[in-house]
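Residue strings, one per chain:
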Amino acid sequence: TLQSIKVTTAPTKTTYNHGDAFSTTGMVVMAYYTSGSRTITYNASSATYQYYKVTNGSSLTAGQTSVTISHTSGGVTKTTTQAITVKKFYPVLR
């Protein structure tokens, strides 16, 4: 049974501008099970059955401090967060 998930390696990019999409590049998410086993999960866009999903990451807003990561296995879903920084958008005036 899935017990927990954890970001074991943070993504390469953790600072964004308002409106950017969260990038999972470099991020490693580990799933831990009550049996003591663990597996690496992959981004939902990969072609594997063990995957994680990122919510609230498609259009980041200024002041947002995290995205939520979830993984489901055997009908059990666990979540964790990844800290980020999202800067305010300052339009260029001409």
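A brief report on the enclosed structure follows. Source: prediction; values computed, not measured.

Description of the packing of aromatic side chains
At step 1: Applying the stated criterion across every chain, the model contains one aromatic pair.
At step 2: Considering the side-chain rings of Tyr16 and Phe22, the 5.9 Å spacing of their centres and the 45 degrees angle between planes classify their relative orientation as tilted. For the pair Tyr16 and Phe22, one class covers both residues: buried.

Observations regarding the pairing of strand S6 (residues 66-73)
At step 1: The pairing of strand S5 (residues 51-55) with S6 spans four bridges and is classified as antiparallel. What sits directly across from Thr55, in S6, is Thr68.
At step 2: As paired elements, S6 and strand S7 (residues 76-83) share eight bridges and run antiparallel to each other. If you follow Val67 over to S7, its bridge partner there is Gln82.
At step 3: Hairpin geometry of S6 and S7 is characterised by an intervening segment of two residues between the two adjacent antiparallel strands and by a positive phi of about 60 degrees at Gly74.

Section: unusual backbone geometry
Leaving glycine out, the prevailing phi sign among residues is negative, and the prevailing peptide bond configuration is trans.
At step 1: One non-glycine residue, Asn56, lies in positive phi territory at about 55 degrees.
At step 2: Turning to its location among the elements, Asn56 is positioned in the loop between S5 and S6.

Here's the deal with the nonpolar core
At step 1: In terms of nonpolar packing, the biggest core is built from 15 residues, with Phe22, Met27, Val29, Leu60, Ile69 and Ile84 touching the most fellow members.
At step 2: Of all the elements in the fold, those that place two or more residues in this core are strand S1 (2-9), strand S3 (28-33) and S6.
At step 3: Excluding anything up to four places from it in sequence, Ile84 contacts Thr14, Tyr16, Phe22, Leu60, Gln64, Thr65, Ser66 and Val67.

As for the side chain of His71
At step 1: Its location among the elements puts His71 in strand S6.
At step 2: Judged by its relative accessible area of 1%, His71 falls in the buried class.
At step 3: At 2.5 Å, the side chain of His71 forms a polar contact with the backbone oxygen of Tyr51.

Some words on the side chain of Gln82
At step 1: Among the structural elements, Gln82 can be located in strand S7.
At step 2: Judged by its relative accessible area of 8%, Gln82 is buried.
At step 3: Ignoring any residue separated from it by four or fewer positions in sequence, one finds Gln82 in contact with Val7, Ala10, Pro11, Thr14, Phe22, Met27, Thr65, Ser66, Val67 and Ile69.

Criteria and thresholds
Residues numbered from 1 in each chain as written. Predicted model: local features only at pLDDT ≥ 70, side-chain atom pairs only at ≥ 80, totals over all residues. Heavy atoms only, no water. Phe/Tyr/Trp six-rings, centres within 6.5 Å; stacked < 30°, edge-to-face > 60°. Buried < 20%, exposed > 50% of the residue type's maximum accessible area, 1.4 Å probe, protein only. Pairing = 2+ DSSP bridges. Helix = DSSP H or I, 4+ residues; strand = E, 2+ residues; numbered from the N terminus. Core = buried A, V, L, I, M, F, W, Y, C linked by side-chain atoms within 4.5 Å. Contact = heavy atoms within 4.5 Å. Polar contact = N/O pair within 3.5 Å; in protein donor to acceptor, adjacent residues only side chain to side chain.

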